[in-house]
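Per-entry structural report
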Amino acid sequence: MGKNDRENMMGAEGKIRGKRQGGDAKKNSGIRRIGIALLILSLSGCGYSFSGISKSAYPSIRSIYIDTFTNKTSEANLDVIVRSAFSNEIVQNGHFKLAASRDEADAVFRGTIIGLQIAPLAYKVASLSAEDRITVTMELLFEEKASGRTLWTNSAFTGTADYRVASVGVTEANRRAALTKLASDAAENAYRLMMSDF
């Protein structure tokens, strides 16, 4: 067998191997596509979107009224801050309409603020607090208005936020800002828990 014949044979073998490898890659790509499609179908089948919020939760509820929160702590206006945060959460998510009154609502969300604690988180010189953590505990209830049936409840829901301790005026401003953030985060977390049942 001459040199040219050997080179021609080697070239032919290389082409065959290339075709086989290309075929395997196409098969693997097809399997991957089928797997992704099955994953998407399984997730959508249980009522979840990728955000983790169930779109099928409470199909008969279209509007929610956020009732006045009862404040059992000594923190003035905490009920107003918390209620405002829960109202904003309903508006931002857009799954339900925020009702202006109980009469216009299909369901009512209400709560009681049962505790507020402040504890040092970090210290500076002379054992003075440099950073504090504020913890608020609430009882939350979501109920259908017409029947009074409880749709979701949590009797010991907690939210936390941290703030820097500085001079008197600055510390108070930081503490109020922390309460606002705490209320916003608590509303978001409570909404997700409320909507996770499907």
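Our structure's up above, just so we're on the same page.
Residues numbered from 1 in each chain as written. Predicted model: local features only at pLDDT ≥ 70, side-chain atom pairs only at ≥ 80, totals over all residues. Heavy atoms only, no water.

**Brief notes about the packing of aromatic side chains**
Here the structure, examined in full by the defined rule, presents six aromatic pairs. On the numbers, 5.4 Å between centres and 35 degrees between planes, the contact of Phe 69 with Phe 86 is tilted. Note that Phe 69 is positioned in the loop between strand 1 (63–66) and strand 2 (70–71) and Phe 86 in helix 2 (residues 78–93), a separation of 17 residues in sequence. The exposure class of Phe 69 is buried, given its relative accessible area of 2%. Ring-pair connections join several aromatic residues into one group, and the members of that group are Tyr 58, Phe 69, Phe 86, Phe 96, Phe 109, Phe 142 and Trp 152. (Phe/Tyr/Trp six-rings, centres within 6.5 Å; stacked < 30°, edge-to-face > 60°. Helix = DSSP H or I, 4+ residues; strand = E, 2+ residues; numbered from the N terminus. Buried < 20%, exposed > 50% of the residue type's maximum accessible area, 1.4 Å probe, protein only.)

**A few points about the side chain of Arg 175**
Within the secondary structure, Arg 175 is located in helix 3 (residues 168–195). Here Glu 172 takes part through its side chain, which lies 2.9 Å from a polar atom of the side chain of Arg 175. Filtering out sequence-adjacent residues up to four positions away, Arg 175 remains in contact with Glu 75, Ile 118 and Tyr 163. (Polar contact = N/O pair within 3.5 Å; in protein donor to acceptor, adjacent residues only side chain to side chain. Contact = heavy atoms within 4.5 Å.)

**Points about the pattern of salt bridges**
If charged atoms from side chains of opposite charge come close, those side chains can pair. By the definition in use, this model includes nine salt bridges. The partner of Glu 75 in a salt bridge is Arg 175, and the shortest N-O contact between them spans 2.7 Å. Highlighted residues: Glu 75 in the loop between strand 2 and helix 2 and Arg 175 in helix 3, separated in sequence by 100 residues. Since its relative accessible area comes to 13%, Arg 175 is described here as buried. (Salt bridge = Lys/Arg side-chain N within 4 Å of Asp/Glu carboxyl O.)

**Here's the deal with unusual backbone geometry**
Residues other than glycine predominantly adopt negative phi, and peptide bonds predominantly adopt the trans conformation. Backbone geometry at Asn 77 places phi at a positive 65 degrees, although glycine is not the residue there. Relative to the assigned elements, Asn 77 resides in the loop between strand 2 and helix 2.

Nothing here speaks to function; it is all geometry.
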